[in-house]
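Coordinate inspection notes
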Amino acid sequence: LKGGFMNICVVGTGYVGLVSACCFADTGHYVVGVDINLDIVESLSKGECTIYEPGLQDILQLNLKQCRLHFTEHLEVAVEDSEVIFLELATPSLENGDEDLSVVKKVCNDLCELIKTPKIVVIKSTVPVGTANEIQKLFDEKAPGIGIEVVNNPEFLKEGNAVQDFMKPDRIV
């Protein structure tokens, strides 16, 4: 920990992930945002916000300038020094109404290969009850003894008010 601040990895820089990454950095944490889309990574790295959310572009640019926020398409780079890994990935609905967890599971399988030291993995994607236990079992089986702990962090951000919702939440679970 640098002065009480954490090194955070945010996997997924969509709406929730980008807001989270920027706001974590704005509170003093060191954040690396990961996205598989190189165009998004390059835009964000130049301070060009890829979504519209009031106040977010200013927070993005300030924290890039302050060197608290970086973006990469390389998961292994972001994971290496992180203490906490937030999974903020798309879970679109399937035809039967269930969430498609394939991206979350793929990233977790990749993390099993990459994580070499104790980490906290936070699921902030929309997932069904029991997913954290399922992912914990995956880490316990594929990366035993490393000390990976899985938790769930419900998401309560409203579009158009996401920065305020993140910085001054009306509820904390």
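Now for a look at the structure at hand.

So, how was this worked out
Residues numbered from 1 in each chain as written. Predicted model: local features only at pLDDT ≥ 70, side-chain atom pairs only at ≥ 80, totals over all residues. Heavy atoms only, no water. Helix = DSSP H or I, 4+ residues; strand = E, 2+ residues; numbered from the N terminus. Rg over C-alpha atoms; globule rule 2.2 N^0.38 Å. Buried < 20%, exposed > 50% of the residue type's maximum accessible area, 1.4 Å probe, protein only. Expected span 1.5 Å × (residues − 1). Pairing = 2+ DSSP bridges. Arc of directions from axis to C-beta. Contact = heavy atoms within 4.5 Å. Axes fitted to C-alpha atoms, helices over the stretch in contact; angles between N-to-C directions. Parallel < 35°, antiparallel > 145°, perpendicular 65-115°, else oblique. Left-handed = near helix turned anticlockwise from the far one by under 90°. Nonpolar A, V, L, I, M, F, W, Y, C, P; charged D, E, K, R; others polar. Right-handed = clockwise from strand over helix to strand, strands pointing away. Patch = residues over 30% accessible without salt bridge, like charges linked within 9 Å, V, L, I, M, F, W, Y side chains within 5 Å. Areas by Shrake-Rupley, 256 points an atom, 1.4 Å probe, with all protein chains shown as cover. Salt bridge = Lys/Arg side-chain N within 4 Å of Asp/Glu carboxyl O. Lys, Arg positive; Asp, Glu negative; His and termini not counted. Charge placed at Lys NZ, Arg CZ, Asp CG, Glu CD.

Overview of the overall build of the protein
For the protein, the helix and strand inventory stands at seven helices and six strands. Reading the protein from its N terminus to its C terminus gives the helix and strand order β-α-β-α-α-β-α-β-α-β-α-β-α. Expected size for 173 residues packed as a compact globule is a radius of gyration near 16 Å; at 16 Å, the protein falls within 12% of this value. Sorting the 173 residues of the protein into buried and exposed places 45% on the buried side.

Quick notes on helix H1 (residues 15–26)
The end-to-end C-alpha separation of H1 is 17 Å, in line with the 16 Å expected for twelve residues at 1.5 Å each. Judged by how many residues are buried, H1 sits mostly within the fold: ten of twelve residues are covered. A positive backbone phi angle near 110 degrees is found at Gly28, which sits one or two residues after H1.

Some thoughts on the pairing of strand E2 (residues 30–34)
Two strands pair when backbone bridges link them, and strand E1 (residues 7–11) and E2 are joined in this way by five bridges, in the parallel orientation. By the bridge assignment for E2, Val10 is matched with Gly33. Relative to strand E3 (residues 69–72), E2 is paired through four bridges, and the arrangement is parallel. In the strand pairing of E3, Val31 is matched with Leu69.

Points about helix H5 (residues 102–114)
End to end, H5 covers 18 Å across 13 residues, agreeing with the expected 18 Å (1.5 Å per residue, within 8%). Considered for burial, the residues of H5 that qualify are Val104, Val107, Cys108, Leu111 and Cys112. Down the axis, H5 shows its buried residues gathered within 150 degrees of arc, on one side only. Exposed residues pointing more than 90 degrees away from the buried face of H5 are listed as Lys106 and Glu113. Looking at the buried residues of H5, the elements they touch are E1, helix H4 (75–80), strand E4 (84–87) and helix H6 (131–142).

A closer look at the packing of H1 against helix H3 (residues 56–65)
Where H1 meets H3, the closest approach of the two axes is 9 Å, and the angle between their N-to-C directions is 55 degrees. The angle between H1 and H3 places the two elements in the oblique class. Both H1 and H3 take part in a crossing whose hand is left-handed. Of the residues in H3, those touching H1 at Leu18, Val19, Cys22, Cys23, Ala25 and Asp26 are Leu56, Ile59, Leu60, Leu62 and Asn63. A breakdown of the residues in the contact of H1 with H3 according to their chemical character gives nine nonpolar, one polar and one charged.

Thoughts on the pairing of E1
Within E1, five of the five residues are buried, which leaves the element mostly enclosed by the surrounding structure. The side-chain alternation of E1 yields two buried faces, one formed by Asn7, Cys9 and Val11 and the other by Ile8 and Val10. Between E1 and its parallel partner E2, the chain crosses via H1, and the hand of that crossover is right-handed. Both E1 and E4 contribute to a ladder of four bridges, which runs parallel. Its bridge partner being in E4, Cys9 is matched across the sheet by Ile85.

Quick word on the sheet that holds strand E6 (residues 148–152)
Strand order across the open sheet formed by six strands is E3-E2-E1-E4-E5-E6, with parallel pairing between neighbours. Only two strands of the sheet have a single partner each, and these edge strands are E3 and E6. Averaged over all pairs of adjacent strands, the angle between their axes in this sheet comes to 20 degrees, without regard to strand direction.

A few points about a negative patch on the surface
Side chains of Asp39, Glu42, Glu73 and Glu76 sit close together on the surface and give a patch of like negative charge. Tracing the sequence through the fold places Asp39 in helix H2 (residues 38–45). On the basis of relative accessible area, Asp39 is assigned to the exposed category, the value being 57%.

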